[in-house]
Amino acid sequence: MSGEWILFVIFLLCDLLIVPLCRFAYKNNFTYHEGMILNVHIPADQLHHPEVEQLSAKAGKHWQVFQRINLVIGLAVCFLCFADIVVFIVVWCIWLAEYIIGLYVLILAPHRAMYRIKLAHGWILESSRRIVRIDTAASAASEKSAPSWKWHLPILAATAATVFLICGMNRRYGMAPAEIAPVWILYATGTGLCLMFLLMHLWMAHYPNRVYSENSDVNLTANTLTKRAWTEGFLFASWLNGATWIFMAACFFLSGPNLPEFCYLIYTVLLLLTAAAFLLPVGLAVRKRQLILDTDPAPYYVDDDEYWKWGWYHNPDDRRLFVQNRFSSTNYSLNFGRPGAKVFILTILAATAAVLIWAFASMNALSRTDIQLSSDGRDWQIEAAGYDCEFQTDEILSVDLPEELPNNGLSRSNGLSTPKLQIGHYRDEENAKYMLFVHTDASPVLKIELEDMTIFVNSRDAETTTEWYDRLEKEFNEKEPNE
């Protein structure tokens, strides 16, 4: 399976996961639940008011159409990876940004419109405003509702212990620092996610219980469902994520950096299953909790719409930094009334912007990169797109000028690749080392065989590549009589 096909399958699966999940997570916004529609408290006897019915029906229709169109567009964009990977990544990022912005517009705009309708008609129950009620029976059982956090420790320890497999792989195959760096990144990601799931488990286990009803039994049942679902989701995700990385670490140890492409495909599928392992129990618990609350004869509603009127929670008197998101009960929202929320969101936005700028700048530089070969007579250096290779004339075993890059099963262990450019560290099926600085749509290709690796390099201009070959061949021939 080619790299383009693997990229296609990975992003196709991501799109098939992202759009349905978002559609499911916010579907309750357009139906009447917990005394709200479009996340605004509306009296039950006003639910069929013409303005309420018209706005909710229109918002629900727009939501369905938006989701269907974006699912089709997201899947169609994936086919661009067969034409140009750089163009595909850029277009996919643009589509994802459009989808996220569209989600917020279709959720927040109707919410604000419904809040204006509510204020215009005075549908405010003063007795339920700004009331904070505590159910002591439910609160006392808060930490007992979740499984023990200690179940995370075995998989965290096993995942962290794969450091010995990586070190063994490094010794066995004699990898360059640039080759081993991506493996360390994967190790840090696998171990870090297990640790993150453990910390989130602890946070959820100690999170205060929410009051849904005048009936303590209903509150206890609803909160137990929520806490058990979230903590079990974190636990399942932690174990599956750890098993996923252990699988990859074993593959690296046994096969070296030149892994079969199906290993990466299996790794990606397992990561998607990790997300499903977390989301499935949460989604099922939300549905069960909703069934319980819908049949509750004594629901307890707090009309705190003024804190959500802009579409996000803003309450300076609430000491909590994270609160359950009104728009999707499967996640949590920041309290923008707290200074820490602003610092948190600005940090995230700055980091995201920096990553995007770096990614687009890198892709732009990659699309325009030029390969340079220079020499001071004895020392040679090849540079392109941040990668370089240095060697001396004495290290050269042979120089050749084939018309094209040999098709001998090379696999990239670290580097950059597009349909027109291949740069970085490669290995063949026997784990022999290569470095490529090649424009794949240009010929010929200069082949330089060294003592510890083979280099393929060329320029967009055939005459330049030939000149490089002539210079290297001359230096190589001159050094032979002296040996």
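Scroll up a little and you will see the structure.
Residues numbered from 1 in each chain as written. Predicted model: local features only at pLDDT ≥ 70, side-chain atom pairs only at ≥ 80, totals over all residues. Heavy atoms only, no water.

The next subject is the pattern of salt bridges. Counted under the stated rule, the structure contains five salt bridges. Note that R228 and E232 form a salt bridge whose closest N and O atoms lie 2.9 Å from each other. Of this pair, R228 and E232 both sit in helix 8 (residues 216-255), four residues apart, which is roughly one turn of that helix. R320 is the salt-bridge partner of D318, the closest N and O atoms lying 2.7 Å from each other. According to the relative accessible area criterion, D318 is buried, its value standing at 13%. The partly exposed category is assigned to R320, whose relative accessible area is 35%. Connected via shared salt-bridge partners are K118, D304, D305 and R326. (Salt bridge = Lys/Arg side-chain N within 4 Å of Asp/Glu carboxyl O. Helix = DSSP H or I, 4+ residues; strand = E, 2+ residues; numbered from the N terminus. Buried < 20%, exposed > 50% of the residue type's maximum accessible area, 1.4 Å probe, protein only.)

With respect to the secondary-structure elements, L193 resides in helix 7 (residues 177-205). On the accessibility criterion, L193 (27% relative accessible area) is partly exposed. Through-space distance from the C-alpha of L193 to that of E404 is 43 Å; in sequence the pair is 211 residues apart.

This part covers unusual backbone geometry. The step from S443 to P444 runs through a cis peptide bond, and the omega angle for that step is 0 degrees. The backbone of L38 sits at a positive phi, close to 55 degrees, despite the residue not being glycine. Tracing the backbone shows L38 in the loop between strand 1 (36-37) and strand 2 (40-41). Look at L38 and you get buried, because its relative accessible area is 3%. You will see that N39, though not glycine, has its phi angle at about 65 degrees, which is positive. Within the secondary structure, N39 is located in the loop between strand 1 and strand 2. Overall, the relative accessible area of 1% leaves N39 in the buried class.

Let us look at a negative patch on the surface. A cluster of like negative charges, contributed by D376, D379, E383, D388 and E390, occupies part of the molecular surface. Put simply, the parts of the chain that give the negative patch at least two residues each are strand 6 (379-384) and strand 7 (387-392). Inspection of the secondary structure assignment puts D379 in strand 6. Residue classification places D379 among the partly exposed residues on the basis of a relative accessible area of 34%. (Patch = residues over 30% accessible without salt bridge, like charges linked within 9 Å, V, L, I, M, F, W, Y side chains within 5 Å. Areas by Shrake-Rupley, 256 points an atom, 1.4 Å probe, with all protein chains shown as cover. Lys, Arg positive; Asp, Glu negative; His and termini not counted. Charge placed at Lys NZ, Arg CZ, Asp CG, Glu CD.)

Note on placement: P297 falls in the loop between helix 9 (261-294) and strand 3 (322-324). The class of P297 is exposed, set by a relative accessible area of 79%. Remark: the alpha-carbon pair of P297 and E214, spanning 83 residues in sequence, is separated by 9.0 Å.

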